[in-house]
Amino acid sequence: MQQAHNRYLCHQRRYDATNEISITFFQTVQNKNALGYNRNDRRREIHNRADADKPNMGLTNWRSEKVRKEDVAIAKNYLNEEELSALNKSR
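This write-up is about the structure you can find in this document.

Conventions adopted
- Residues numbered from 1 in each chain as written.
- Predicted model: local features only at pLDDT ≥ 70, side-chain atom pairs only at ≥ 80, totals over all residues.
- Heavy atoms only, no water.
- Helix = DSSP H or I, 4+ residues; strand = E, 2+ residues; numbered from the N terminus.
- Buried < 20%, exposed > 50% of the residue type's maximum accessible area, 1.4 Å probe, protein only.
- Polar contact = N/O pair within 3.5 Å; in protein donor to acceptor, adjacent residues only side chain to side chain.
- Contact = heavy atoms within 4.5 Å.
- Arc of directions from axis to C-beta.
- Salt bridge = Lys/Arg side-chain N within 4 Å of Asp/Glu carboxyl O.

### Points about unusual backbone geometry
Stage number 1. In this structure, Asn 56 takes a positive phi of about 55° despite not being glycine.
Stage number 2. With respect to the helices and strands, the residue Asn 56 is situated in the loop between α3 (42-49) and α4 (81-89).
Stage number 3. A positive phi is found at Met 57, a non-glycine position, where the angle reads about 60°.
Stage number 4. The partly exposed category is assigned to Met 57, whose relative accessible area is 34%.

Structure (structure tokens):
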């Protein structure tokens, strides 16, 4: 586990937000971290938390000022503040 964590940190220093491979890699790693934290995979978490009757469809955070179509497909956007903090500490 430590070896995987060290490899992740090494890649994090070289992260390029414009490179599709970098984006895919870090989305995969974040999904695995979220999976380990809350025992659900990304799709199940979105299914469980997305709610059209709630403001912003149940999203708790998103990247820009307005919710975009892409935001609803990111599982960590449905995490509450405590869960998000725990996920960020696992990095």
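### Some thoughts on the side chain of Glu 83
Stage number 1. Relative to the assigned elements, Glu 83 resides in helix α4.
Stage number 2. Since its relative accessible area comes to 13%, Glu 83 is described here as buried.
Stage number 3. A distance of 2.6 Å separates polar atoms of two side chains, one belonging to Glu 83 and the other to Arg 49.

### Thoughts on the side chain of Asp 71
Stage number 1. The topology assignment puts Asp 71 in the loop between α3 and α4.
Stage number 2. Within the structure, the side chain of Asp 71 is placed 2.8 Å from the backbone nitrogen of Arg 68, a separation counted as a polar contact.
Stage number 3. The contact partners of Asp 71, leaving out residues within four places of it in the chain, are Leu 59, Trp 62, Arg 63, Lys 66 and Asn 77.

### Describing α4
Turn by turn, an α-helix covers 3.6 residues, leaving residues three or four places apart pointing in a common direction.
Stage number 1. When α4 is considered as a whole, its buried residues turn out to be Glu 83, Leu 84 and Leu 87. Down the axis of α4, the buried side of the element spans an arc of 100°, and every buried residue falls inside it. Across from the buried face of α4, at angles greater than 90 degrees, the exposed residues are Glu 81, Glu 82 and Lys 89.

### Points about the pattern of salt bridges
Stage number 1. Evaluated as defined, the whole model comprises three salt bridges.
Stage number 2. The partner of Asp 71 in a salt bridge is Arg 68, with the nearest N and O atoms 3.2 Å apart.
Stage number 3. Taking relative accessible area as the criterion, Arg 68 reaches 34% and is therefore assigned partly exposed.
Stage number 4. Through salt bridges with shared partners, a single ionic network connects Arg 68, Glu 70 and Asp 71.

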